[in-house]
Amino acid sequence: MKNHCVLAPFALAIAAIAAAPAGAQEVLTGDTRLACEATLCLATGTRPGECAPSLSRYFGINKRKWSDTVRARASFLNLCPVSDQTPEMRALVNAMANGAGRCDAASLNVTLRVWNHWDADGGRVFINNQMPGYCAAYTEHQYTSLADLSPRYVGTPERGGYWVDAQDHDAALARYNDRIAAEDSRRRNGEWYR
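Computed from a predicted model, the values in this text were never measured in an experiment. (Residues numbered from 1 in each chain as written. Predicted model: local features only at pLDDT ≥ 70, side-chain atom pairs only at ≥ 80, totals over all residues. Heavy atoms only, no water.)

Peer 1: I'd like to hear about the pattern of salt bridges, residue by residue, with values.
Peer 2: Where charged atoms of side chains with opposite charge meet at close range, the side chains can pair. The tally for this structure, following the rule as stated, stands at six salt bridges. For the salt bridge of R71 with D68, the shortest nitrogen-to-oxygen distance reads 2.5 Å. Within this pair, R71 and its partner D68 are both found in helix α4 (residues 66–77), separated by three residues, close to a single helical turn. Residue classification places D68 among the partly exposed residues on the basis of a relative accessible area of 27%. Here R159 and D184 are joined by a salt bridge, their closest N and O atoms 2.8 Å apart. In this pair, R159 sits in the loop between β3 (152–154) and β4 (162–164) while D184 sits in helix α8 (residues 169–188), placing the two residues 25 residues apart along the sequence. (Salt bridge = Lys/Arg side-chain N within 4 Å of Asp/Glu carboxyl O. Helix = DSSP H or I, 4+ residues; strand = E, 2+ residues; numbered from the N terminus. Buried < 20%, exposed > 50% of the residue type's maximum accessible area, 1.4 Å probe, protein only.)

What follows is the structure, given as C-alpha cells:
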C-alpha cells in the first residue's frame, strides 16, 4: 500500500511559498495560486471543497484539439513555481495534463472500446483491459496518492469485461461472475440462442 505522505515535500514547498512574509517573497495569487492548488488537488483522491475553484479553472481549459488542451493544461500547471524544480515535478505536471479527468472507470470504458471484427460471432465491441500508459503515469506517480483508488478491470475483454471504480470492484466482480456462470450454464444446456 502506498504511503499517503508522498505529497509532503511538494506540499511543504508550496506552503512555504504561499506563507512566506510579503517582504521575503510574494504571496501567490491569481492563476499562479490556482495552478499550485490544482496540482495539489489532482495529486490526491480526496478533494475537499477548497479544490473546486482551481479544478474548475484547470478542467475549464479546453482547446479544439486534444493535444492543444494537454499543452494548455500543462502550461497552466507550470505557473506554479515548484512545477519545474525537479525532474519528478516536471513528470508529475506532464502526467496530470495527460491523465487527469481521463483515467476514471467511465472514461476508460468509453475510450478503450475496441471493435473485434475477427470474432467468430461476426464481430463485436469489447473494452480493452490494459490501462493506457498516461493513466499509469498519473495514478502511479510517486507524488500522487491515487494508486489505491485507480479503476480496476472486471472480467476478460472477450466475455464483456469492463472498468469499475476501486471501491466498487468486489461487488462488480461478484455480478460479473454470476453472469458468466449463467451464460456458461445456458451454453451447456443448449439454451444459448433463446
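On we go.
Peer 1: Got a sec to walk through the packing of aromatic side chains? Specific residues and values, please.
Peer 2: One pass over the full model with this rule turns up two aromatic pairs. With 5.2 Å between their ring centres and 75° between their planes, Y153 and W163 make a pair best called edge-to-face. Of this pair, Y153 sits in strand β3 while W163 is found in strand β4, placing the two residues 10 residues apart along the sequence. Among the residues examined, Y153 registers a relative accessible area of 15% and is labelled buried. The exposure class of W163 is buried, given its relative accessible area of 5%. Stacked on the ring of Y58, the Lys or Arg R73 has its end atom at 5.1 Å from the ring centre. (Phe/Tyr/Trp six-rings, centres within 6.5 Å; stacked < 30°, edge-to-face > 60°. Lys NZ or Arg CZ within 6 Å of the ring centre and 35° of its normal.)

Peer 1: Can you tell me about the state of the cysteines, naming the residues and giving the values?
Peer 2: Disulfide: a covalent bond connecting the sulfur atoms of a pair of cysteines. Tallied over the entire structure, the rule returns three disulfides. The side chain of C41 participates in a disulfide bridge whose partner is C51; the two sulfur atoms lie 2.0 Å from each other. Between C41 and C51, the S-S dihedral sits near -85°, and the bridge is therefore left-handed. Remark: C51 occurs in the loop between α2 (30–42) and α3 (52–59) and C41 occurs in helix α2; sequence separation between them is 10 residues. You'll find C41 and C51 in the same group, each marked buried. With cysteine numbering restricted to those in disulfides and following the sequence, the protein has the pairing 1-4, 2-3, 5-6. (Disulfide = S-S within 2.5 Å.)

Peer 1: Lay out α8 in plain terms, naming residues and giving numbers.
Peer 2: Over its 20 residues, α8 extends 28 Å from the first C-alpha to the last, a length consistent with the 28 Å expected when each residue adds 1.5 Å. All buried positions along α8 are accounted for by H169, A172, Y176, I180 and E183. Projection of α8 onto a plane perpendicular to its axis shows the buried side chains occupying an angular sector of 70°, all on one side. Across from the buried face of α8, at angles greater than 90 degrees, the exposed residues are D170, R175, D178 and R188. (Expected span 1.5 Å × (residues − 1). Arc of directions from axis to C-beta.)

Peer 1: Help me get a handle on the packing of α3 against α4, residues and values and all.
Peer 2: Packed helices, taken two at a time, are described by their axes: the angle between them and the distance between them. At a minimum axis distance of 9 Å, the contact between α3 and α4 shows a crossing angle of 145°. Every residue of α4 that contacts α3 at R57, Y58 and F59 is listed here: R73, F76 and L77. Split by residue class, the contact of α3 with α4 holds four nonpolar, no polar and two charged. (Axes fitted to C-alpha atoms, helices over the stretch in contact; angles between N-to-C directions. Contact = heavy atoms within 4.5 Å. Nonpolar A, V, L, I, M, F, W, Y, C, P; charged D, E, K, R; others polar.)

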